[in-house]
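# Structure at a glance
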Amino acid sequence: MTIERVLTVLYLIGCIAVGLIASRKVSRSSDEYWVAGRKIGPVVNSMAIMAALASGGSIIGVMGLAYATGIPATLALFTGASIGFPIAALLVAGPLRKFGKFTITDFMVYRYPHAIVRYLVPILIVVSFTAYIIAQMKVAGITANALLGIPYDTALTLATLVFITYVSLGGMLAITWTDVFQGTLMLFVVIGAALLLMFRIGSPMTIMEQATAVAPELGRMGTDQGITSYLGSFVIWASAISVIPHIVMRVFTAKDSRSAKLSLNLSMVFYAVLILAAVLAITPVGKMNFPELQDADTVFLRVIETEFHPFFRGIAVAAVLAAVMSTTDALLLACSSAIAHDLLGNYIEKRLSHKTGHWITVGVAWAVGLVAMSMAYDPPALVTEFYTIAIGLLSAGLFVPVIAGLWWKKANLAGGIASLLGGVTTYAIVQYTPSVFPAGSAILMAIPASTLLMWIGGTFAPSESATMIAEITELHRTEEA
Amino acid sequence: MSNFQKLPAADGLYLIVLIGFSAISFLPFWRGIEVAGLSMLGWWMVFLMVYVPTSALIHFARSEKKRGQGGGKR
């Protein structure tokens, strides 16, 4: 395991070095720290978006999910994300980029200025993203354990300390630089592994035929999952891309609205290739070779361990850690921004020096990372399923208020608050009463409830001020001009 | 008029096509059909994962070209 360990250590040292170099630039201003000075071009940004979304969940989790629940269920979830990109590009990228702040909370608080929105949105982000981070940390732990022979807890601790260090030091600039490299590495390993397997066995159709002959459940719709489960995970991701903070923050880093839209569209191409390679080539081979895995999330690791040369295994460990880190760093920054910028931003700006504020931000990143790490010592079973439920909470609360706030003139304070609260409450009630509602139905009820409440508020409560309406109209006009 | 800005017709049409294709995915009639061991729902999702990124880029390029022809306002 020497080669694998050397490659992994080199990679981790490189990540910290990037954080240190970036920290010299970003400590100068909040704009530099949170949104990399808004200077990121479309190709770099698209790779960074892909890397941020294509998490440990997309490399390890997608194959684990396909292994455990079948390929149709898995593709339903990830196709939802793929459709979410054009929805985000058409409906939110342009006007939000023109809005020109740092976070999705900034927009929500501006559009619906109320304490409930100011405090509830960051809390929702922290809660759901902590779950997302825990899932990523499990992936880091099982990967290092399986391919490097390091105990799960030790691997988890080491990986967490590395990415907290470079995020807290380097902010969005460090994340962008590392994400581009990490995204490239992920594509190389997953596509490379898929192509090698196809070279040995045959086309995806041949691989699929062989695998489903041994394990027919791989290609079938699961018997214990209704269509609502498929539709639910599809809708969660289709709606999430427009509102999940670590993707929206990337929109804010773009040079302009055209660049933001192009970045989203390009990233989707990379993302789709990655998922299809994982699901159509690697998972079926894993199912054929290891039909009885205890932990389905380890299927990719088993395939890599048995089918490839140690050098490729070393690269693969780095790629999986890259996938984990490129998402976790973005999540960590979004969580950190939810607390340091959205909740404490006014206090820090008014009462503390810029330098003190910067160190509080660094401290918050450490606190969030360490809390998530402590929870990840007892990890969830299927990572993708686990964090999809958490992301559903954000989609349920934010999708309708954000889209209506940008596009519907009648969207007002009452409608915004009712829509946010109604979406979150409905989702929580349905999700946590599985004996009453079918699996996956929470988002299918939450979004209509949120829409209805927005409509009632917008129709019957006082309309927004002329100034607000003029300003939002301007976001679209500027976009058009 | 209660919209801030009317969504351009081409963008609206493209969104309707995406929603239509998504709705087709969940129709009941092809859930039992399998090709090469994978249900048709799975193959349709594979098609969408290829079609959506490709069509989105083409749609973006066309919109940009149209804007450019409109006087290069950007």
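Bear in mind the structure is a predicted one, so any value in this text is a computation, not a measurement.

Conventions and cut-offs
- Residues numbered from 1 in each chain as written.
- Chains lettered and ligands numbered in written order.
- Predicted model: local features only at pLDDT ≥ 70, side-chain atom pairs only at ≥ 80, totals over all residues.
- Heavy atoms only, no water.
- Helix = DSSP H or I, 4+ residues; strand = E, 2+ residues; numbered from the N terminus.
- Buried < 20%, exposed > 50% of the residue type's maximum accessible area, 1.4 Å probe, protein only.
- Contact = heavy atoms within 4.5 Å.
- Areas by Shrake-Rupley, 256 points an atom, 1.4 Å probe, with all protein chains shown as cover.
- Patch = residues over 30% accessible without salt bridge, like charges linked within 9 Å, V, L, I, M, F, W, Y side chains within 5 Å.
- Salt bridge = Lys/Arg side-chain N within 4 Å of Asp/Glu carboxyl O.
- Buried area = accessible area lost by both parts, 1.4 Å probe.
- Nonpolar A, V, L, I, M, F, W, Y, C, P; charged D, E, K, R; others polar.
- Expected span 1.5 Å × (residues − 1).
- Bend = angle between axes of the 7 residues up to and from the residue.

## Topic: the overall build of chain B
Looking only at helices and strands, chain B features 2 helices and 2 strands. In chain B, the succession of α and β elements from N to C terminus is α-β-β-α. Evaluated residue by residue, chain B yields a buried proportion of 41% over its 74 residues. Within chain B, counting contacts between residues at least 6 apart in sequence, those at least 24 apart form 39% of the total. Element-wise, carbon and sulfur atoms account for 68% of the exposed surface of chain B, whose accessible area totals about 4,100 Å².

## Let's talk about a nonpolar patch on the surface
All names here are of chain A. Together, L452, W455, I456 and F460 line one region of the surface with nonpolar side chains, adding up to about 450 Å² of accessible area. Tracing the chain through its elements places F460 in helix 19 (residues 441–460). F460 sits in the exposed class, given a relative accessible area of 64%.

## Some remarks on the interface of chain A and chain B
Tallying the contact residues gives 50 residues for chain A and 38 residues for chain B. Here chain A and chain B share an interface that buries about 3,900 Å² over both sides, 75% of which is from carbon and sulfur atoms. The interface formed by chain A and chain B contains 1 salt bridge. With a shortest N-O distance of 2.9 Å, E34 of chain B and R220 of chain A are connected by a salt bridge. For the side of chain A that touches chain B, the secondary structure elements donating two or more residues are helix 5 (71–99), helix 9 (204–214), helix 10 (227–240), helix 12 (257–289), helix 17 (383–407) and helix 20 (466–480) of chain A. For the side of chain A that touches chain B, a count of residues per class yields 31 nonpolar, 9 polar and 10 charged.

## Regarding unusual backbone geometry
Its identity is not glycine, yet A36 of chain B carries a phi of approximately 55°, on the positive side. In this structure, A36 of chain B sits in the loop between strand 1 (34–35) and strand 2 (38–39).

## Comments concerning the environment of P53 of chain B
Note on placement: P53 of chain B falls in helix 2 (residues 40–69). Here P53 of chain B is in contact with S82, M268, V269 and A272 of chain A together with L48 of chain B, once residues within four sequence places are set aside.

## Digging into the side chain of S239 of chain A
With respect to the element layout, S239 of chain A can be found in helix 10. If sequence neighbours within four positions are ignored, S239 of chain A has contacts with S395, F399 and I447 of chain A.

## Brief notes about helix 12 of chain A
Residue and element names in this part refer to chain A. An ideal rise of 1.5 Å per residue puts 48 Å on 33 residues; helix 12 measures up with 47 Å between its terminal C-alpha atoms. Of all the bends found along helix 12, the most pronounced is centred on I282 and spans about 35°, while P284, a proline, follows it within four residues. Taken across its 33 residues, helix 12 has 26 buried, putting it largely inside the fold.

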